[in-house]
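# Inside the fold
Single-letter residue listing:
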Amino acid sequence: MMMKAPNGLCSAVAALALLLPMSALAETPSSTSGGPKPFHSMAITPDAGEACRVPRPPADLAETAYQRNGYRAILRILVAERHLEAETCDCLLGEFTWDMALAELPRFQTSDNPRLPFKVLDLYAMADALEAKHAEGCSE
């Protein structure tokens, strides 16, 4: 013996059945271009001010994230020092390489421990101060 569904449930199921096929026909971003778009990244396009931001270092630059973060801070310092020296608000990041940051390690080294050769928080503070000084000069 088959049980009957309440009328409200039947009409809800019928409405859902009608809506589902129509939603498949709805225009989606990929349907307007003639096919599915390949997935590249969920990264947000950087603002103009972020275009001159030192990127994350490559994973093969150093063994640990701590070291890579230190090298990134060193590169930030080098770029900011060059900006202040040149007295320019133009982005000079393109003139710098990760090898330059590695070469400057002795200048910033605070320990003989190869896994902790510097104090990253101190490097961040130095980079932040230099970048703030540069930004201040460019806002005037």
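Rules behind the numbers
- Residue numbers here run from 1 along each chain, matching the order of that chain's written sequence.
- Residue-level local features of this predicted model are given only where pLDDT is at least 70; pairs of side-chain atoms are given and counted only at 80 or more, and the full residue set underlies all totals for whole chains, interfaces and linings.
- Side-chain descriptors were evaluated using all non-hydrogen atoms of the structure, hydrogens and water having been removed beforehand.
- The nonpolar core is taken to be a set of buried Ala, Val, Leu, Ile, Met, Phe, Trp, Tyr and Cys residues, with the residues joined through side-chain atoms within 4.5 Å.
- When a residue's accessible area, from a 1.4 Å probe over protein chains only, is under 20% of the maximum for its type it is buried; when over 50% it is exposed; and in between it is partly exposed.
- Secondary structure elements follow DSSP: runs of H or I of four or more residues count as helices, runs of E of two or more count as strands, with numbering from the N terminus.
- Throughout, a contact is declared for two residues whenever any of their heavy atoms are within 4.5 Å.
- Axis definition: a line fitted to C-alpha atoms, over the contacting stretch in the case of helices. Angles run 0 to 180 degrees between N-to-C directions.
- Should an angle fall under 35 degrees it is taken as roughly parallel, and over 145 as roughly antiparallel, whereas 65 to 115 is taken as roughly perpendicular and any remaining angle as oblique.
- Handedness of each helix crossing follows the sense of rotation of the near helix against the far helix: counterclockwise by less than a right angle gives left-handed, clockwise gives right-handed.
- Gly is placed with the polar residues, together with every amino acid not listed as nonpolar (Ala, Val, Leu, Ile, Met, Phe, Trp, Tyr, Cys and Pro) or charged (Asp, Glu, Lys and Arg).
- Aromatic contacts are taken between Phe, Tyr and Trp rings whose centres are within 6.5 Å, Trp giving its six-membered ring; a plane angle under 30 degrees counts as stacked, one over 60 as edge-to-face, and the others as tilted.

By size, the foremost hydrophobic cluster in this structure holds 23 residues, and its most contacted members are Tyr-71, Ile-74, Leu-75, Phe-118 and Leu-123. Elements with a minimum of two residues in this core: α2 (65–86), α3 (98–103), α4 (105–108) and α5 (120–139). Among the elements that take part in this core, α2 stands out by supplying eight residues, more than any other. Not counting residues up to four positions away in its chain, the partners in contact with Tyr-71 are Leu-61, Ala-62, Trp-98, Ala-101, Leu-102, Leu-105 and Phe-118.

A word on the packing of α2 against α5. Relative orientation of the contacting elements α2 and α5 amounts to 25°, with a least axis distance of 9 Å. When the axis of α2 is compared with that of α5, the two are roughly parallel. For the pair α2 and α5, the sense of crossing is left-handed. Together, Tyr-66, Asn-69, Gly-70, Ala-73, Ile-74, Arg-76, Ile-77, Ala-80, Glu-81, His-83 and Leu-84 of α2 and Val-120, Leu-123, Tyr-124, Met-126, Ala-127, Asp-128, Leu-130, Glu-131, Lys-133 and His-134 of α5 make up the contact between the two elements. When grouped by side-chain class, the residues that make up the contact of α2 with α5 number 12 nonpolar, four polar and five charged.

What follows covers the packing of aromatic side chains. The full count for this structure, using the stated rule, is two aromatic pairs. Ring plane angle 20° and centroid distance 6.2 Å describe the contact between Tyr-66 and Phe-118, whose orientation is recorded as stacked. Of the two residues, Tyr-66 is situated in helix α2 and Phe-118 in the loop between α4 and α5; the sequence distance between them amounts to 52 residues. Ring geometry for Tyr-71 versus Phe-118: centroids 5.5 Å apart, planes at 80°, classification edge-to-face. With Tyr-71 in helix α2 and Phe-118 in the loop between α4 and α5, the pair connects residues that are 47 residues apart, well separated along the chain.

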